[in-house]
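Spelled out from the first residue to the last, the chains are:
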Amino acid sequence: MDILLEIIMIPAVLALIKIVVIILLFALPLGTLLTLMERKWSAMIQDRVGPNRANIGSFTGHGLLHLAADGLKSIFKEDCIPRGANKFLYLLAPFFGMISAVAIFSIIPIAGPIGDFTFQVADVEPGLLFIFAITSLSVYGAVLAGYSSNSKFALLGGTRASAQMISYEVFMGLALMGVFMVYGTTRVSGIVDGQNEYWFGNLIPMWGVFTQPLGFILFFTALVAETKRPPFDAPEGESELVAGYFLEYSGMRWSAFMLAEYIAIVGVSVLMTTLFFGGYHVPWLHLWESAPQWLVTILQIIKFSIVTIFFCWFQIQLRWTVPKFRFDQTMSLGWKKLLPLSLLNLFVTAFVILAFA
Amino acid sequence: MDLKVKQVTRIDGAKEALFLPAIFTGLRLTINHFWRNLFGAKDVVTVSYPEEKRHISTRWRGRHRLTRRENGFLSCVACYMCETVCPSKCIHIEAGEHPDLSVEKYPVVFDIDELRCVFCGLCVEACPKDAIRMDSGVISLAYTSRQTFNYTRDLLRDSYDPKAHSNPKYEDIDLPSPTNRAAALPNSKGVPAS
């Protein structure tokens, strides 16, 4: 027993366990559920019933069995590789999409630390810069898939993905610069702890959404573009490019792209929660000083999950509300409107900090 | 021909350029629908077909049925009116002599090929004896072999299963009760008991 405990306390082993727990118990289940929830929720928005046919006997679970049915179907489908495709890159591309989607979770704390133990895989000093680096990698998945498929639609989709990435990546970084300035760090735990402060006594928590309202909208827009979902779905372009960059994929590789997209939604929600909605901090909980530690941790996990699920829902709601941006509209929105706005946000933030702090 | 040009006024201005007011207007609509349907699916008009079926009108032209007299015999007198009027030539009748002289004829063979039938209802209109109707309530005929679509006389004849009559208007009005039928049939050589 002692040996087991000692093995667990080795930092590398501990990190591995955290990775497994956070990804297998948080990111993957949420992402998988979202593949069904997107269809269910969109059905509700459009006054339809949604998927409810998959069944075992008379049990349908309101469509829950579609998850199992979809998984089984993709596993048993043929994994086609088109003639003339660059086989190595073609097989590699889904991993890029998947890895960059999953890597976001590595630096997100889902609850406050208990002593030395943190609910976070790694609290690295660069923090969010690491996230920028990783999320930028996701475009490689799209570009490689489009380039290697030997298909014109897929190639166009990949090209669009890279061009779109250029137009949102710039103001994405600039929009977050205000958050760095307000909380004075790029370390994620520092930003989360900074949001535990309060204005006017104990009235308003200093959440990012209150200190950086414009930055919040800008960063959220950039992240929605990052996931390549409507309204910024030019790379997929269902109406003109069929499915865009992953057009030629089938079977489990196609599922990997789809799953990566939904895990990216969870990743975006997690980021929004952490950076703009106080992370795991439950507002006004510090007023209850005698709260037991285990209860606080559970409340923190619940609060974190609720806000995350809310943002997942909000992104899906947005996807079924907003019409698609044309490709040039995405570019002009990014370069002509949002980039100046994020610069303005930066200057105003700097001015306010200089004047009042 | 003159081409007509429709002038579309373009809405410009800061409010449109911001996108946000328009997005919130749209979100209000979609979220309204979402919440109304989240618990109980209030706006959903879908009918989950095999489990629930739509109410069909009493005038719906479904599969044919051959009505009976009060004593249980077929009403049909094999006059060939329906076979003559049928535009798709799907009715095939062969007449036989009925033991009851007041009836004279009855159909020995009365086949309808439901695959050829166009469900126009002309046979029902043409019938002088109200012997053929399309109000059986059977609206979907789906089988895997062609032969099963060939409905013979005994299949077309009214059954006494009340569930087969989804149409309350005509239900069992012209049918004898099962006991009467049993009493009537043994004397008959013409219409075999079902």
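Per chain, residue numbering runs from 1 following the sequence as it is written. Note on labels: chains are lettered from A, ligands numbered from 1, in written order. Local features are withheld for residues below a pLDDT of 70 in this predicted model, meaning they are given only at 70 or higher, and side-chain atom pairs are given and counted only at 80 or more; totals for whole chains, interfaces and linings count all residues. By convention in this description, side-chain values take in all heavy atoms of the structure and omit both hydrogens and water.

## A look at the overall build of chain A
Heads up, the rule is: Secondary structure elements follow DSSP: runs of H or I no shorter than four residues count as helices, runs of E no shorter than two count as strands, and numbering proceeds from the N terminus. Only C-alpha atoms enter the radius of gyration, while the globule expectation follows 2.2 Å times N to the 0.38, with N the number of residues.
Looking only at helices and strands, one finds 12 helices and two strands in chain A. Along chain A, helices (α) and strands (β) appear in the sequence α-α-α-α-α-α-α-β-β-α-α-α-α-α when read from the amino end. Here the C-alpha atoms of chain A give a radius of gyration of 21 Å, agreeing with the 21 Å that 2.2 N^0.38 yields for 357 residues. When its C-alpha atoms are laid out on the principal axes, chain A stretches across 65 × 60 × 45 Å.

## Remarks on the confidence of the model for chain B
Selection criterion: The score called pLDDT rates the predictor's confidence residue by residue, from a low of 0 to a high of 100. Contact definition: two residues touch when any of their heavy atoms are within 4.5 Å.
Across chain B, the average pLDDT comes to 74, with 79% of residues at 70 or higher. In the predicted structure, residues 160-194 of chain B sits below a pLDDT of 50 and forms 52 contacts with residues beyond four places in sequence or in another chain.

## Quick look at the interface of chain B and chain A
Let me state the cut-off plainly: Note: buried area is the sum, over both parts, of the accessible area (probe 1.4 Å) each one loses when the two are combined. Pairing of N or O atoms within 3.5 Å defines a polar contact, subject to two protein rules: one partner must be a possible hydrogen donor and the other a possible acceptor, and residues neighboring in sequence count only if both atoms are side-chain atoms. Residues are grouped as follows: nonpolar covers Ala, Val, Leu, Ile, Met, Phe, Trp, Tyr, Cys and Pro; charged covers Asp, Glu, Lys and Arg; every other residue, Gly included, is treated as polar.
Contact residues are listed per partner, giving 19 residues for chain B and 18 residues for chain A. For the chain B and chain A pair, buried surface summed over both sides reaches about 1,600 Å², with 71% attributable to carbon and sulfur atoms. Applying the counting criterion to the chain B and chain A interface returns five residue pairs in polar contact (both at pLDDT 80 or more). Partitioning the side of chain B that touches chain A into residue classes produces 11 nonpolar, six polar and two charged.

## So, the nonpolar core
Just so we agree on the cut-off: Among buried residues, those of type Ala, Val, Leu, Ile, Met, Phe, Trp, Tyr and Cys that are joined through side-chain atoms within 4.5 Å constitute a nonpolar core. With a 1.4 Å probe rolled over the protein chains alone, any residue whose accessible area is under 20% of its type maximum counts as buried; one over 50% counts as exposed, and the rest are partly exposed.
Core analysis: the biggest nonpolar cluster contains 92 residues, and Leu-128, Leu-176, Phe-219, Met-272 and Phe-276 of chain A have the highest contact counts within it. Residues within four places of Phe-276 of chain A in sequence aside, it is in contact with Leu-176, Val-179, Gln-195, Trp-207, Gly-208, Val-209, Gln-212, Gly-215, Phe-216, Phe-219 and Leu-271 of chain A. Cys-82, Cys-90, Cys-123 and Ile-132 of chain B belong to the second-largest nonpolar core, a separate cluster that totals 18 residues.

## Observations regarding the packing of aromatic side chains
All names here are of chain A. Stated precisely, the cut-off is as follows: Classification of ring pairs uses Phe, Tyr and Trp, with its six-membered ring standing for Trp, and accepts pairs whose centres are within 6.5 Å; under 30 degrees between planes counts as stacked, over 60 as edge-to-face, and the remaining range as tilted. Sitting over a ring, as applied to charges here, requires NZ of Lys or CZ of Arg to be within 6 Å of the ring centre and within 35 degrees of the ring normal.
If you walk through the whole model with that rule in mind, you get 25 aromatic pairs over all chains. Between Trp-207 and Phe-210, the aromatic rings sit 6.3 Å apart at their centres with planes inclined by 10 degrees, giving stacked as the arrangement. Residue classification places Trp-207 among the buried residues on the basis of a relative accessible area of 12%. Taken together, a centroid distance of 5.5 Å and an interplanar angle of 80 degrees make the contact between Phe-310 and Phe-311 edge-to-face. Judged by its relative accessible area of 2%, Phe-311 falls in the buried class. Sitting above the plane of the Phe-327 ring, Arg-160 keeps its charged end 5.5 Å from the centroid. Above the face of the Trp-320 ring, Arg-319 is positioned so that its terminal group lies 4.3 Å from the ring centre.

## Quick notes on a nonpolar patch on the surface
Residue and element names in this part refer to chain A. Test applied: Patches draw on residues past 30% relative accessible area with no salt bridge. Two like charges within 9 Å are joined, as are two nonpolar side chains (Val, Leu, Ile, Met, Phe, Trp, Tyr) within 5 Å. Per-residue and other accessible areas were derived by the Shrake-Rupley procedure at a 1.4 Å probe size, with only the shown protein chains allowed to occlude residues. By definition here, a salt bridge exists when the distance from a side-chain nitrogen of Lys or Arg to a carboxyl oxygen of Asp or Glu is within 4 Å.
Residues Ile-17, Val-20, Val-21, Leu-24 and Leu-25 make up a contiguous nonpolar surface patch of about 430 Å² in total accessible area. Within the element layout of this structure, Leu-25 appears in helix H2 (residues 11-45). On the basis of relative accessible area, Leu-25 is assigned to the exposed category, the value being 63%.

## Topic: the sheet that holds strand E3 (residues 105-113) of chain B
Residue and element names in this part refer to chain B. To keep it simple, the criterion reads: At least two bridges found by DSSP between two strands are what make those strands a pair.
Strand order in the open sheet formed by three strands is E2-E3-E5, and the pairing between neighbours is antiparallel. The outermost strands of the open sheet, each flanked by one partner alone, are strand E2 (91-97) and strand E5 (150-151). Direction of pairing for E3 relative to E5: antiparallel, over a ladder of two bridges. Across the sheet, residue Ile-112 finds its bridge partner in E5, namely Tyr-151.

## Regarding helix H6 (residues 152-183) of chain A
Residues and elements named next belong to chain A. Filter applied, for reference: Each residue after the first adds 1.5 Å to the expected span of a helix. Take the seven residues that end at a residue and the seven that start at it, fit an axis to each, and the angle between those axes is the bend at that residue.
Under the 1.5 Å per step criterion, the end-to-end length of H6 is 46 Å for 32 residues, consistent within 8% with the ideal 46 Å. At Tyr-168, H6 is deflected by roughly 30 degrees, the largest bend along its length. Count one or two residues on from H6 and you reach Gly-184, which has phi positive near 70 degrees.

## Details of the pairing of E3 of chain B
Sheet analysis places E2 of chain B next to E3 of chain B, joined by seven bridges and oriented antiparallel. Considered in E3 of chain B, the bridge of Ala-95 of chain B is made with Pro-107 of chain B.

## Some words on the packing of helix H9 (residues 213-226) of chain A against helix H11 (residues 293-319) of chain A
Residue and element names in this part refer to chain A. How we decide: The axes used here are C-alpha line fits, helices contributing only the stretch in contact, and every angle between their N-to-C directions lies in the interval 0 to 180 degrees. The labels follow the angle: roughly parallel below 35 degrees, roughly antiparallel above 145, roughly perpendicular from 65 to 115, and oblique for the rest. Throughout, a crossing is termed right-handed when the near helix is turned clockwise from the far one, and left-handed when it is turned anticlockwise from it by less than a right angle.
It is the contact of H9 with H11, at a shortest axis distance of 12 Å, that shows an interaxial angle of 70 degrees. Between H9 and H11, the angle is such that the two are roughly perpendicular. As for how H9 packs across H11, the hand of that crossing is right-handed. Touching Phe-216, Phe-220 and Val-224 of H9 are Phe-311, Phe-314, Gln-315 and Leu-318, all from H11.

## Topic: the pattern of salt bridges
Counting across every chain of the model gives nine salt bridges over all chains. Across the pair Asp-79 of chain A and Arg-253 of chain A runs a salt bridge, and its minimum N-O distance is 2.8 Å. Pair noted here: Asp-79 of chain A is in the loop between helix H3 (65-76) and helix H4 (87-103) and Arg-253 of chain A is in helix H10 (residues 251-276), with a separation of 174 residues, a long-range link. With a closest N to O distance of 2.5 Å, Arg-133 of chain B and Asp-130 of chain B form a salt bridge. Here Arg-133 of chain B falls in the buried class, since its relative accessible area comes to 14%. A single network of salt bridges, built from pairs that share partners, joins Glu-38, Arg-229, Glu-261 and Arg-319 of chain A.

## Details of the environment of Val-21 of chain A
Residue placement: Val-21 of chain A occurs in helix H2. Along the primary structure Val-21 of chain A and Val-121 of chain A are separated by 100 residues, whereas in three dimensions their C-alpha atoms are 9.9 Å apart.

## Overview of the side chain of Thr-274 of chain A
Residues and elements named next belong to chain A. Structurally, the position occupied by Thr-274 is in helix H10. A relative accessible area of 0% means that Thr-274 is categorised as buried. Not counting the four nearest positions on each side in its chain, Thr-274 is found in contact with Ile-108, Pro-109, Val-188, Val-192, Gln-195, Gly-279 and Phe-304.

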